Amino acid sequence: MGFLDIRNVTKSYGSVQVLHDVDISVAEGEFLVLVGPSGCGKSTLLNMIAGLESVTSGEIAIRGRVVNGVHPSKRNIAMVFQSYALYPNMTVAQNITFGLEMHGTPRAERERALADVAKLLQIDHLLDRKPAQLSGGQRQRVAMGRALVRDPDVFLFDEPLSNLDAKLRVDMRTEIKKLHQKLGTTIVYVTHDQIEAMTLSTRIAVMYRGHVQQLGTPREIYDTPANVFVATFMGSPAMNILPARVALRDGVPHARITDAEGAERLLRFSQPNLAGWDGRDILLGIRPEAITDPEGADRKSGNIQGLANRVSVTEPAGSDTFVTMVLSGRDVIARMRADASVGPGQDFDFAVNMDKAVAFDPQSEERIAP
Amino acid sequence: MSAVTQDTAVSTGRVARAFIYLLLILFALFYLLPLYVMGVNSLKPLQEITGGNMMALPATWTLEPWRAAWSSAQIGVQPTGLKPYFINSILMVVPAVAISTVLGALNGYILTKWRFRGDTIVYGLMLFSCFIPFQIVLIPMAVVLGKLGLAGTVPGLILVHVVYGLGFTTLYFRNYYAAFPTELVRAAMMDGAGFFRIFWRILLPVSGPIAVVSIIWQFTNIWNDFLFGVSFGGTSQPMTAALNNLVQSSTGVKEYNVHFAAAILAALPTLVVYVVAGRYFVRGLMAGSVKG
C-alpha cells in the first residue's frame, strides 16, 4: 500500500467514460507526473484526487484513508492551479494564510508559517502586494507558498508552468525540482509538456484517451515505451517510427528497410527475442539521437550500424543539428552534433545505435522488443 | 473589468473637432432645456408663469413653491406635501434594492459556481421574468399580497419589487460571475472556505462594478414605478403616486411652480444616484457584457 493510492478509478460523465480503470500507487516522497495530450483525463484525475470531482467507481486513499466523498479541505492536500488562482482582493500574505485562517489556526502560528514559507520561496519583500502587482514568476511562487504553508500530505500541481514564458518556465522547473529535493514531499503533477515530465518526475504516468498507457520511471518510459503512442509523445523531436520487416541472417534478426533511393537495407537488431518474428512486418522505433554521424555515435553501444543515405533537410538548432532523411518512405530525423558538416542533397554515412531500437507490433502498436 | 479608455480609432482635424464639440454642446443644451424650464419656473411666483413667459428667469426669486411642494401642498384630501410619500418611497426603495441585489448576487454565484442539474433552465426562467409586463401580474400579485396580509403596506411593495427585480439582478450577477475564474472558487474550497465564506471573502470584494449597475437599475426602476405603487400602495403610497395626485388634481388653481418643484423633488434621488455612481455604471455594464 502506498502513500497515495488510486485503485481502479473510473470517471464517467453520463454515458461518456473519460477515465478507464486507473490504478496507481504513489510512495511517500515520490514525484508523479501525469502527462498526456489535452483531453486525456489527466486533469480530471488530479481533480478527483483533490476532491473537486466525484469518483464514479474505485477508490482514492491518502495515507491509507479512503477519501472518496471527503471534502477537499479535509483531505490534507494542497493544489497549485494553472492560473495560480490568487485571490485578487487580498495581499500576498493574506493569500498565503487564507487556508490557515479558514482552518482556525491561531494568528501567531499563522505568522510564523508565513515567515517560513516567504523565506523559503524568497518572497519576503512581496508580502504586502496585491497579486495584480506581481510578475508571472512571482505569482507562481505565491501560489506555491499558499500550498506549502499548509504542510499537506500531498501536493497537487495542475500545469503550473504553462502560463510562464519559455525562459521562466525552465527556471521555475528547476525551482520546483529543488523544492521537492529539499522538502521530500509527495507531489502529483499534471502537465502536457513531456520535457517537464521527464525532468521533474521520479515516475511518469503517460495518459491517452482516459487510459494510463504506461507507468514507469522517466528512463523506462523513454527507452522502452509501451506502445507507439508513448514512443511518439515522449521525446522531442519524436521517436522515428518506420515500417520494417524482420529478416533472419545466420539466425540473428535484422530489420529490413529501404533507403531514400528505395534500395533495401539491413540493420541488425540487438534484441534476440525478435527471431520469432522472421518474415513479419513490424514498426521500428529509433530515437533521433540514436541516428548520428559516426564520430558522434555512442561509444558504449555494442551495436552501431552504418547506414548511408541521402539527406533531404538540415535544421541547425544551435546545440544540435537535426537532419531529415527518408527511410521506408517515412521522414526520419537524425540528431547530429552542432558542427557536423552535412548539407541537403548530400549522401551521408549515418551511424544507427541499434541498442536503442524498439520494435512494435504494427496491428496492436504494442512494444514487442526489447 | 477593463477601464474605459479614451482611445479614438481615427484622429480628426482641428476644424472637424471644433464642429463635433459645437454639435455636442448644442445637443447637450437641447437636452438640458426641460431641466432649465422646470428649474426657473419652480423658483418664481405663480402669477409670473400664468402672466406669460415660461422661458424667462424669475423676476422675483422665491423658494416658496419648493416649501409648498415638500410640506403643504394638497395631495388628495390632505395638505401634507410630498414629505410623507417621499419617506414612504425611501422606506420602500432601500430595502427592495438591497434585498434584490443581495439575492441576485447569490443567484449569480450559485448559477455560475455551484452549478446543478437544470441550472440553465432555472436561469432561463428567471430571465423570462424580465420580459413579463407589469400589467399581467397585477391581479395574481394582488391575490398573493392579500393572502399574505401585505396588501397596501410598504413591506408588500418591497416584496413586489424584489420579486420583479430578481430577474434583472440575477442576469447582471450571473454574467459578471461567469467571467470570474472558477479556479479561485476551487482554491478557496481547498483552503477550507465554505459556501458563504467564499461568496463573502472572494466574490463580493470584486463585485463592486456590477453591484453598482444592479443598484442603479433597481433604484431607478423602483423609485420611478407608478403602477405597482398606485395599485398596491394603499395608505402608504410612494412618491410617484403622490406626484400624480398633485399634478393631475382637477380642482382649484393649477400651481405650476409647485408642480415643477415637486417633479424635480421626485426625480432628485435617481439623479443623485446617477451622478454619484454613473461612471461605475458604464464600467460595470461593459464588464458584465464581455462574457455571458
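Because the structure is predicted, anything quoted here is derived from the model rather than measured. (Residues numbered from 1 in each chain as written. Chains lettered and ligands numbered in written order. Predicted model: local features only at pLDDT ≥ 70, side-chain atom pairs only at ≥ 80, totals over all residues. Heavy atoms only, no water.)

Turning our attention to the overall build of chain B. When helices and strands are counted, chain B shows 13 helices and zero strands. Each helix and strand of chain B, ordered N terminal to C terminal, gives the series α-α-α-α-α-α-α-α-α-α-α-α-α. Along the first, second and third principal axes, the C-alpha atoms of chain B reach 75 × 65 × 30 Å. Taken over 292 residues, chain B has a buried fraction of 42%. (Helix = DSSP H or I, 4+ residues; strand = E, 2+ residues; numbered from the N terminus. Buried < 20%, exposed > 50% of the residue type's maximum accessible area, 1.4 Å probe, protein only.)

This part takes up the interface of chain A and chain B. Across the boundary between the two partners, chain A contributes 27 residues, which contact 15 residues of chain B. Where chain A abuts chain B, roughly 1,900 Å² becomes buried across the two surfaces, and 61% of that area is made up of carbon and sulfur atoms. Summed over the three residues of chain A that lose the most area to chain B, namely Leu-52, Tyr-87 and Met-102 of chain A, the buried surface amounts to 28% of that side. In this assembly, chain A and chain B are joined by two salt bridges. Here Asp-191 of chain B and Arg-150 of chain A are joined by a salt bridge, their closest N and O atoms 3.3 Å apart. Residue contributions to the side of chain A that touches chain B peak at four residues, all from helix α2 (residues 92-102) of chain A. Of the residues in the side of chain A that touches chain B, the class split is 14 nonpolar, eight polar and five charged. (Contact = heavy atoms within 4.5 Å. Buried area = accessible area lost by both parts, 1.4 Å probe. Salt bridge = Lys/Arg side-chain N within 4 Å of Asp/Glu carboxyl O. Nonpolar A, V, L, I, M, F, W, Y, C, P; charged D, E, K, R; others polar.)

Below, the discussion takes up the pairing of strand β9 (residues 203-208) of chain A. Along a regular strand, successive side chains alternate from one face of the sheet to the other. All names here are of chain A. Along β9, five of the six residues are buried, which leaves the element largely enclosed by surrounding structure. Where strand β3 (residues 31-35) lies against β9, four bridges are found, and the strand directions are parallel. Its bridge partner being in β9, Leu-34 is matched across the sheet by Ala-205. As judged from the five bridges shared by β9 and strand β10 (residues 211-216), these two strands associate in the antiparallel manner. If you follow Val-206 over to β10, its bridge partner there is Gln-214. Following β9, the chain reverses through two residues before pairing antiparallel with β10; Arg-209 in that reversal takes a positive phi of roughly 50°. (Pairing = 2+ DSSP bridges.)

Turning to the domain arrangement of chain B, a few remarks are in order. Residue and element names in this part refer to chain B. Looking at the assigned domains, one finds that chain B contains domain 1 (14-72) and domain 2 (83-290). The straight-line distance from the C-alpha centre of domain 1 to that of domain 2 is 31 Å. Listed by partner, the interface residues are 14 residues for domain 1 and 14 residues for domain 2. Where domain 1 abuts domain 2, roughly 1,300 Å² becomes buried across the two surfaces, and 86% of that area is made up of carbon and sulfur atoms. Inspection of the domain 1/domain 2 interface yields zero salt bridges. When contributions to the side of domain 1 that touches domain 2 are tallied by element, the ones reaching two or more residues are α1 (14-42), α2 (46-50) and α3 (64-72). Here the residues of the side of domain 1 that touches domain 2 sort into 10 nonpolar, three polar and one charged. (Domains from an automatic or database assignment.)

Before going further, it helps to spend a moment on the pattern of salt bridges. Should the charged atoms of two oppositely charged side chains come close, the side chains can pair. Residue and element names in this part refer to chain A. The full count for this structure, using the stated rule, is 24 salt bridges over all chains. A salt bridge links Arg-219 to Asp-223; the nearest nitrogen and oxygen atoms lie 3.1 Å apart. Of this pair, Arg-219 and Asp-223 both sit in helix α7 (residues 218-223), separated by four residues, roughly a single helical turn. Overall, the relative accessible area of 23% leaves Asp-223 in the partly exposed class. Linking Glu-264 and Arg-256 is a salt bridge whose minimum nitrogen-to-oxygen distance equals 3.8 Å. Residue Glu-264 is classed as exposed on the basis of its relative accessible area of 55%.

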